[in-house]
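Listed here are the chains, written in short residue letters.
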Amino acid sequence: MSDLLERLRGRGWRMTSQRRVVAEVLDGDHVHLTADEVHAHAAQRLPEISRATVYNALGELVSLGEVIEVCTEGRAKRYDPNAHHPHQHLVCSNCGTIRDVHPTGNPLADLPAAERFGFTVSEVEVTYRGLCPSCG
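Note that the structure is a prediction, hence the values are computed from the model and not measured.

1. Some points on the overall build of the protein
Scanning the protein from N- to C-terminus turns up four helices and five strands. The secondary structure elements of the protein, listed N-terminal to C-terminal, are α-α-α-α-β-β-β-β-β. Principal-axis analysis of the C-alpha atoms gives the protein an extent of 55 × 40 × 25 Å. In the protein, buried positions account for 34% of the 136 residues. Put simply, 50% of the contacts in the protein that link residues at least 6 apart link residues at least 24 apart. Of the roughly 8300 Å² of accessible surface on the protein, a fraction of 50% belongs to carbon and sulfur atoms. Put simply, the protein has 14 plus and 18 minus side-chain charges, and the middle of one group is 4 Å from the middle of the other.

2. Some remarks on the pattern of salt bridges
Pairing is possible between side chains of opposite charge, provided their charged atoms come close. In this structure the tally under the stated criterion is nine salt bridges. With its nearest N and O atoms 3.9 Å apart, the salt bridge here joins Arg-9 to Glu-6. On the criterion of helical spacing, the pair formed by Arg-9 and Glu-6 is a turn pair, its members being three residues apart in helix 1 (residues 4-10). Taking the relative accessible area as the measure of exposure, Arg-9 reaches 46% and is therefore partly exposed. With its nearest N and O atoms 3.7 Å apart, the salt bridge here joins Glu-69 to Lys-77. A residue is classified by how much of its surface remains accessible, and Glu-69, at 32% relative accessible area, is partly exposed. With relative accessibility at 43%, the residue Lys-77 sits in the partly exposed group.

3. Comments concerning the confidence of the model for the protein
Of all residues in the protein, 99% have pLDDT values of 70 or greater, and the mean over the chain is 90. Within the protein, helix 3 (residues 35-45) carries the highest mean pLDDT (97), whereas helix 1 carries the lowest (89).

4. Section: the sheet that holds strand 3 (residues 88-92)
As summarised here, the arrangement of the three strands in space is 4-3-5, forming an open sheet in which the pairing is mixed. Looking at which strands have only one partner, the edges of the open sheet turn out to be strand 4 (98-101) and strand 5 (127-130). Averaged over neighbouring strand pairs, the angle between their axes works out to 25° when direction is ignored.

5. Overview of the nonpolar core
With 22 residues, the main nonpolar core has Val-22, Leu-26, Val-38, Leu-58 and Leu-61 as its most contacted residues. If one sorts the elements of this core by residue count, helix 2 (residues 17-26) sits on top with five residues.

6. Overview of unusual backbone geometry
Even without being glycine, Phe-117 reaches a positive phi, approximately 50°. Looking at the secondary structure, you find Phe-117 in the loop between strand 4 and strand 5. Overall, the relative accessible area of 65% leaves Phe-117 in the exposed class.

7. A word on the layout of surface pockets
In this structure, the largest pocket spans a volume of roughly 600 Å³. His-87, Gln-88, Val-124, Glu-125 and Val-126 are the residues nearest the centre of the largest pocket, which is lined by 24 residues in total. Every element with two or more residues in the lining of the largest pocket is listed here: strand 1 (68-70), strand 3 and strand 5. Looking at the lining of the largest pocket, its residues break down into 10 nonpolar, nine polar and five charged.

Parameters at a glance
Residues numbered from 1 in each chain as written. Predicted model: local features only at pLDDT ≥ 70, side-chain atom pairs only at ≥ 80, totals over all residues. Heavy atoms only, no water. Helix = DSSP H or I, 4+ residues; strand = E, 2+ residues; numbered from the N terminus. Buried < 20%, exposed > 50% of the residue type's maximum accessible area, 1.4 Å probe, protein only. Contact = heavy atoms within 4.5 Å. Areas by Shrake-Rupley, 256 points an atom, 1.4 Å probe, with all protein chains shown as cover. Lys, Arg positive; Asp, Glu negative; His and termini not counted. Charge placed at Lys NZ, Arg CZ, Asp CG, Glu CD. Salt bridge = Lys/Arg side-chain N within 4 Å of Asp/Glu carboxyl O. pLDDT = per-residue confidence, 0-100. Pairing = 2+ DSSP bridges. Axes fitted to C-alpha atoms, helices over the stretch in contact; angles between N-to-C directions. Core = buried A, V, L, I, M, F, W, Y, C linked by side-chain atoms within 4.5 Å. 1 Å grid on protein atoms, 1.4 Å probe; cavity = no way out; pocket = protein on both sides within 12 Å on 5 of 7 lines; lining within 4 Å. Points joined across faces, edges and corners; volume = space filled by probe spheres on them. Nonpolar A, V, L, I, M, F, W, Y, C, P; charged D, E, K, R; others polar.

Right, here's the structure in full:
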C-alpha cells in the first residue's frame, strides 16, 4: 500500500474531510484512477463531494509531487499515488488497465552517449504496452 496519507500529514497538508476522502481513494498499490473514477469512489464515502473539489485536490496533489499524472495515448489522465517509489507502467492496449512494474537494470544507462545529443538526462519514463490477461 502506498504511504500517501502519511506523506500528506508529514507535509502539513490541510486535511479537510473532502481532501482526506480523495487521498484515501488514491492510497494503495497499482492505483491508477481517472478523476471521474476518483470522484465516483469519493462520493460513495462522502456523497456531497463535488467534482470540482476532486479536480482541485488532484491538481494540488500533482503540484506537490505527491501524485503522478499518467497519460496514455487517447485515454483520460490517471492518477498514481506511488510518486516516491521509482517504477514504470505496463498498459493494456485494449482496455487501458495500468500496472506498476519494477524492471531491473538502469534504463538511463541503456541510452548511448551518442543518442543523448548533448542532453544531461535526469529521468527516464518507460511504458510497456501489451494485452492484459482479460483482453489477451
